[in-house]
Amino acid sequence: MSFQASYYLFYCRGRDEEDSDMQDLVMSFSGLEEKVLEQYTFAKASLIRTAATNYLLDSGVQWGGAPAVKGVRDAAVELLHTLVAVHAEVFAACKPLMDKTLGILVEGLIDTFLSLFHENKTKDLRSFDANGFCQLMLELEYFETILNPHFTSDARESLKSLQGVLLEKATESVTETIETPSHHRRPTRGSEDALSDDRQQGMTVSPDDLIALAQQYSSELLQGELERTRINTACFVESSALDSVPESARAAYASFRGSMDSPSRNFRGNSQPVGSPGFSRQRRR
């Protein structure tokens, strides 16, 4: 064998070993990355469950006799703050894992909502009036719009399931209230009036009636609420490809950027997270 041939074989063998070592190293780092991600998302999932429980069960709302819908509640914005904190941590530490991390946690959030509903459907969540149903539908759409780039296909399916069980429960509850009004707490003005104006006592309420009412609130309130809370949620738009962000969220973010870039903006007024819509909106007539 010539010197050139021997050198070539030695060189190829060395390259093969080097490639194999590199592949082993990549696999080791990938395995370590998965373990770190698993531990991190597990820890954050616990915090998210606590925040979701506070939002759904401990925010002071009696879903069977809820007040008129005025906008997204502070409890919804506070729940999002849990994911805002995750966004900040991952963005600073390992930006390439942002989509994967938030995808896992957003999916976990929706699954947690479903779990909490089934765990409490005979207790705190045993009844939903039209106001309570529309409030939750508005806020679920708010979450979906803001977190849209991080919604996995499984998360979307879970959201559909959640909306379905809430619709079923609300239809059952509102129909029962109309049939036996003396056995229930008197509903607040708002959604209940809209449902009962054209109905005689004893008639049922269809799911389509509730869906139409929820869509009405969404068309009236969602865009304004996205803009009102834009400083709280701008990070999700900033770190995502714009074509993956719904138009309503892009519009709210554009409004936010415009106010930030304006030389005449009021720094003190525009740099603080917003408060409850109940203090800034007149009562819905």
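- An unreviewed UniProt entry lists the chain under the name Exocyst complex component SEC5, with Rhododendron griersonianum as the source organism.
- Looking at the Function (unreviewed entry) heading of the UniProt record, one finds this comment for the chain: "Component of the exocyst complex involved in the docking of exocytic vesicles with fusion sites on the plasma membrane."
- If you open the UniProt record of the chain and go to Subunit (unreviewed entry), you find "Component of the exocyst complex."

### Details of the overall build of the chain
- The number of helices and strands found in the chain is 10 helices and zero strands.
- Along the chain, helices and strands appear, N-terminal first, in the series α-α-α-α-α-α-α-α-α-α.
- The burial tally for the chain puts 39% of its 285 residues in the buried class.
- A separation of at least 24 residues holds for 80% of the contacts in the chain among residues at least 6 apart in sequence.
- Total accessible area on the chain is roughly 16,100 Å²; 53% of this is exposed by carbon and sulfur atoms.

### Here we look at the packing of helix α2 (residues 74-93) against helix α3 (residues 98-120)
- Their axes nearest at 10 Å, the elements α2 and α3 cross at an angle of 160 degrees. The orientation of α2 with respect to α3, classified from their angle, is roughly antiparallel. Of the two possible hands of crossing, α2 and α3 adopt the one that is right-handed. Side by side, α2 and α3 meet where L79, L83, V86, H87, V90 and F91 of the first sit next to M98, T101, L102, L105, V106, L109 and F113 of the second.
- Within the contact of α2 with α3, the residues separate by chemical class into 11 nonpolar, two polar and no charged.

### Some words on the confidence of the model for the chain
- With 65% of its residues at a pLDDT of at least 70, the chain reaches an overall mean of 79.
- Per-element confidence in the chain ranges from a low mean pLDDT of 37 for helix α10 (residues 267-270) to a high of 97 for helix α4 (residues 130-146).
- Low confidence marks residues 198-202, where pLDDT is under 50. Its contacts with residues over four positions away, or in another chain, come to nine contacts.
- Counting contacts from residues 259-285, a segment whose pLDDT is below 50, to residues more than four positions away or on other chains yields 36 contacts.

### Section: the packing of aromatic side chains
- Inspection of every chain in the model, using the stated rule, returns five aromatic pairs.
- Through a chain of ring-to-ring contacts, three or more aromatic side chains come together here, namely Y55, F113, Y142 and F143.

### Description of the side chain of T41
- Topologically, T41 is positioned in helix α1 (residues 3-57).
- At 2.8 Å, the side chain of T41 forms a polar contact with the backbone oxygen of L37.
- Beyond its immediate chain neighbours, meaning those up to four positions away, T41 contacts T101, I104 and L105.

### Looking at the packing of α3 against helix α5 (residues 153-179)
- Where α3 contacts α5, the axes come no closer than 9 Å and their chain directions differ by 25 degrees. Taken as axis vectors, α3 and α5 run roughly parallel relative to one another. Remark: the crossing between α3 and α5 carries left-handed chirality. Contacts between α3 and α5 pair E107, I110, D111, F113, L114, F117 and H118 from the former with D154, A155, S158, L159, S161, L162, V165, L166 and K169 from the latter.

### Some thoughts on the environment of G64
- Residue placement: G64 occurs in the loop between α1 and α2.
- Assessed through its relative accessible area of 36%, G64 is described here as partly exposed.
- For the pair G64 and N131, spaced 67 residues apart in sequence, the C-alpha separation works out to 8.3 Å.
- Ignoring anything within four residues of it in the chain, the contact list for G64 reads S127, F128 and D129.

### Details of the pattern of salt bridges
- Counted under the stated rule, the structure contains seven salt bridges.
- With a shortest N-O distance of 2.6 Å, K100 and E34 are connected by a salt bridge. Of the two residues, K100 is situated in helix α3 and E34 in helix α1; the sequence distance between them amounts to 66 residues.
- When its relative accessible area of 38% is taken as the criterion, E34 is described as partly exposed.
- E225 is the salt-bridge partner of R228, the closest N and O atoms lying 2.9 Å from each other. Taken as a pair, R228 and E225 lie in helix α7 (residues 207-228) at a separation of three residues, close to a single helical turn.
- Residue classification places E225 among the buried residues on the basis of a relative accessible area of 0%.

Parameters at a glance
Residues numbered from 1 in each chain as written. Predicted model: local features only at pLDDT ≥ 70, side-chain atom pairs only at ≥ 80, totals over all residues. Heavy atoms only, no water. UniProt positions renumbered as here; feature names shortened; annotations may be inferred. Helix = DSSP H or I, 4+ residues; strand = E, 2+ residues; numbered from the N terminus. Buried < 20%, exposed > 50% of the residue type's maximum accessible area, 1.4 Å probe, protein only. Contact = heavy atoms within 4.5 Å. Areas by Shrake-Rupley, 256 points an atom, 1.4 Å probe, with all protein chains shown as cover. Axes fitted to C-alpha atoms, helices over the stretch in contact; angles between N-to-C directions. Parallel < 35°, antiparallel > 145°, perpendicular 65-115°, else oblique. Left-handed = near helix turned anticlockwise from the far one by under 90°. Nonpolar A, V, L, I, M, F, W, Y, C, P; charged D, E, K, R; others polar. pLDDT = per-residue confidence, 0-100. Phe/Tyr/Trp six-rings, centres within 6.5 Å; stacked < 30°, edge-to-face > 60°. Polar contact = N/O pair within 3.5 Å; in protein donor to acceptor, adjacent residues only side chain to side chain. Salt bridge = Lys/Arg side-chain N within 4 Å of Asp/Glu carboxyl O.

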